[in-house]
Amino acid sequence: MAPVVCGMLLGLTLYAGHLCAVFAADFLYHDYCVIGAGPSGLQAAYFLQRAGRDYVIFERSHTPGSFFALYPRHRKLISINKRYTGKSNSEFNLRHDWNSLLSHDRRLLFQRYSRDFFPDADAMVRYLEDFASLLKLRVQYNTAIVHVMLEKDRQAWNGHYFLLTDQDRQNYKCSSLLVATGTWVPNVVNFPGSEYVEGYETVSINPEDFAGQTVLILGRGNSAFETAENILGVTNFIHMVSRSRVRLSWATHYVGDLRAINNGLLDTYQLKSLDGLLEGDLEDLAIVKDKKGKLHITLRFYLENRNTSGGIDSITLPQDELDNFATRAPYDRVIRCLGWKFDFSIYNRSLRMMPGKGNKKKYPQIKPSYESRGTRGLFVIGTASHSVDFRKSAGGFIHGFRYTTRAVHRLLENRHHGVPWPSTVYPITQLTNSIIKRVNEASGLYQMFSVLADIILLRENATAFEYLEEYPVGVLAELEMQTGRKAPSGLFVIIMEYGRNFSGADKDVFYYNRAVGEAQHAWQSNFLHPVIYFYKQLPTEREMRLQHPDWPLPHPDAIHHIVEDFLTDWTAPNAHILPLRRFLENCLSTDLRNFFAESCFLFAFTHQKLPPFCRQGYMRLQGLVGSEGLRRHAAEAGLLEDYTLSDFLGDRTPDNHKGSQDRLLRDHVIPVRPLQHLVYAKDEL
């Protein structure tokens, strides 16, 4: 009986969970369940708590951020901690703070926990512990969720609830599930002899254990190079083998590729100091161990054709046929450093949590809204959500997913609680300034380039606009449904992009004249720069599906690139602001300049349509409020003619006020100065 009552209550309201706990003792209900108290789980909890929502975080360890208590093994993070930028703007400074989570508490900036540019992982553990405790987040520690399934219920808003079971067989029920477990299961490749391979997660981190040894490392990411860097000075030599070529982050602009802090082995390889890199499919390899304990690399098909009764001497090695085979020297140790993947094992088939395809198979399949493709109400946040922007942006890292997590929260607030996406309405005259301010300060746009965008919704007749910050562009067609905002009169989309032909394999990213400085060539900008898309109407889902794969958005009605800037400071009046303003004016068929009152006065007599600034200010008498003191000061400064009453009447005392006005109009003509120069002053801002 109790589950039926609870289902009816939950169907009526999402806040009835505490009532269900009274009627049913077999589960504990919360509106939102968050699995994992890592950075993304804590970030989601912060937003849920600030909004006053019913939630709980389940953490298998006794402390938050348990992954960072173990990894990276050699304790050096590759997320930068830039403590000084020369600016006091906190939003701008987050562009160069890759470790802090978003909060209102200034004590919870990561720079207070480490002075190192590349911090120690232990500092991250301390930071996450304080983030959870100081903000009093509701984390249930030592609770490992071992099974998740669906419970069908017609009364539920999406037709089901999520049932979670922990290691003590305690059951929990929730309406929405946020998966923030990250990727923590080691990637393993099985091949003949893989039992001789040591894993990154268990191999010794004491360099002396490798003294005088020859080592083969499987993998070519940061964990592989981190391991090599640790033992580079004590080994005979190190070889690295992987299917893909080395990708350097400074060449690809992808923070997950090899970082300079770990690439010492590239020097020793290119300068021929014994170490080396090889390409090969690991599944085609095989490892055999000789009588002395040495490990030899061979190919799988050699083992398939060998005489099994002949022992190791019957195995054909590549050097038997090719005497200069690259890996003919035996190895003392082989180490696997192939990264991590998502743990799918705890999710019942009813949730349809499927792995991605190709190089995204280590992540679950999700929509651009971060909701599971298989189950409504299940959202994946944090590192595991990186399939949305894998190898494109920073969504798999703290400085990226702190913003995508906030975006997910805003989507949930609109869906479940009727709270529209936060927005601000401005008069159209503030359009240029609003864009310039955001592209120069906003961290979410800067870090999640090509993924999150600011949306400007135009009001009727383009007299005002509504500004929405950091919306996922992958669901632009669903904007009205996802945000609770309307886009009836067109919109601008502001996004940050790199040049499309600048980086990648076989590209020389340091070539001469690599930067663009002229506004007329802004579309050829190579480095990160703002791009503004204009649509007369919201793109359709079909247009989103058919968009060019190299473009973040469908073909717009108009597009404008703000030329890249060496200082990433887009405030130059001629190079940045003026071209942007003229683009906006062309899209809106209006004049966005600010004018003096004299110009507006002349426009009123010479133009059928006044510029917005004149309509919203001058014609509504919203200019500078005058006073006798201000008039006298302007006259003394020579800014105004001193047309006082005594000038007009001499020493006569007027009979009455009306008579004075009549005589003023009859006896005196006020000269009008030429104003034409103000009309054509295109540099008026």
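In case you missed it, the structure is sitting above this.
These notes cover the structure that comes with them. Just so it is clear, the structure is predicted and the values come from calculations on it, not from any experiment. Numbering of residues starts from 1 in every chain and runs along the sequence as written. Predicted model: local features are reported for residues with pLDDT of at least 70 only, side-chain atom pairs are reported and counted for 80 or more only, and whole-chain, interface and lining totals are derived from all residues. Excluded from the side-chain calculations are hydrogens and water; all other atoms, namely the structure's heavy atoms, are used.

**Remarks on the sheet that holds strand β8 (residues 198-199)**
Stage number 1. With parallel pairing, the five strands of this open sheet are ordered in space as β8-β14-β9-β10-β11. The strands lining the two open edges of the sheet, one partner per strand, are β8 and β11 (276-279).
Stage number 2. By the bridge criterion, four bridges tie strand β9 (residues 214-218) to strand β14 (residues 333-336) in an arrangement that is parallel. Bridged to Leu 216 within β14 is Val 334. Two strands qualify as a pair provided that DSSP identifies no fewer than 2 bridges between them. Going along the chain from the N terminus, every DSSP run of H or I of four or more residues is numbered as a helix, and every run of E of two or more is numbered as a strand.

**With respect to the packing of helix α13 (residues 431-441) against helix α17 (residues 573-588)**
Between two packed helices, what matters for the description is the angle formed by their axes and the separation of those axes.
Stage number 1. The axes are straight lines fitted to the C-alpha atoms, using for helices just the contacting stretch, and the angles between their N-to-C directions are given from 0 to 180°. Remark: α13 packs on α17, axes separated minimally by 10 Å, with the N-to-C direction vectors making an angle of 130°. Relative to α17, the element α13 is oriented oblique. Note on packing geometry: the crossing formed by α13 with α17 is right-handed. Where α13 approaches α17, its residues Leu 431, Thr 432, Ile 435 and Ile 436 are matched on the opposing element by Ile 577, Leu 580, Arg 581, Leu 584 and Leu 588.
Stage number 2. Looking at side-chain class alone, the contact of α13 with α17 contains seven nonpolar, one polar and one charged residues. Any angle from 65 to 115 degrees is called roughly perpendicular, while one under 35 is roughly parallel, one over 145 is roughly antiparallel, and all others are oblique. What makes a crossing left-handed is the near helix being turned counterclockwise from the far one by less than a right angle; a clockwise turn instead makes it right-handed. Any two residues having at least one pair of non-hydrogen atoms within 4.5 Å are treated as being in contact. Basically, the charged four are Asp, Glu, Lys and Arg, the nonpolar ten are Ala, Val, Leu, Ile, Met, Phe, Trp, Tyr, Cys and Pro, and anything else, Gly included, counts as polar.

**Quick word on the pattern of salt bridges**
Stage number 1. In the sections that follow, a salt bridge refers to a side-chain nitrogen of Lys or Arg positioned within 4 Å of a carboxyl oxygen of Asp or Glu. Per the counting criterion, the structure on display carries 20 salt bridges.
Stage number 2. Across the salt bridge formed by Glu 413 and Arg 53, the nearest N and O atoms sit 2.7 Å from each other. Placement of Glu 413 in helix α12 (residues 398-417) and of Arg 53 in the loop between α3 (39-50) and β2 (55-58) is noted, with a sequence separation of 360 residues between them.
Stage number 3. In this scheme, a residue with accessible area under 20% of its type's maximum is buried, one over 50% is exposed, and one in between is partly exposed, where area comes from a 1.4 Å probe on protein chains only. Overall, Arg 53 belongs to the buried group, its relative accessible area being 11%.
Stage number 4. The residue Arg 438 makes a salt bridge to Glu 470 at a minimum N-O spacing of 3.3 Å. In this pair, Arg 438 is assigned in helix α13 and Glu 470 in strand β19 (residues 464-472), connecting sequence segments 32 residues apart. You'll find Arg 438 and Glu 470 in the same group, each marked buried.

**Considering the side chain of Ser 385**
Stage number 1. Its location among the elements puts Ser 385 in the loop between β16 (378-380) and α12.
Stage number 2. Accessibility expressed as a relative area gives 1% for Ser 385, which makes it buried.
Stage number 3. Setting aside its immediate chain neighbours within four residues, Ser 385 contacts Ile 366, Tyr 370, Val 380 and Gly 395.

Just geometry here; none of it tells us what the structure is for.
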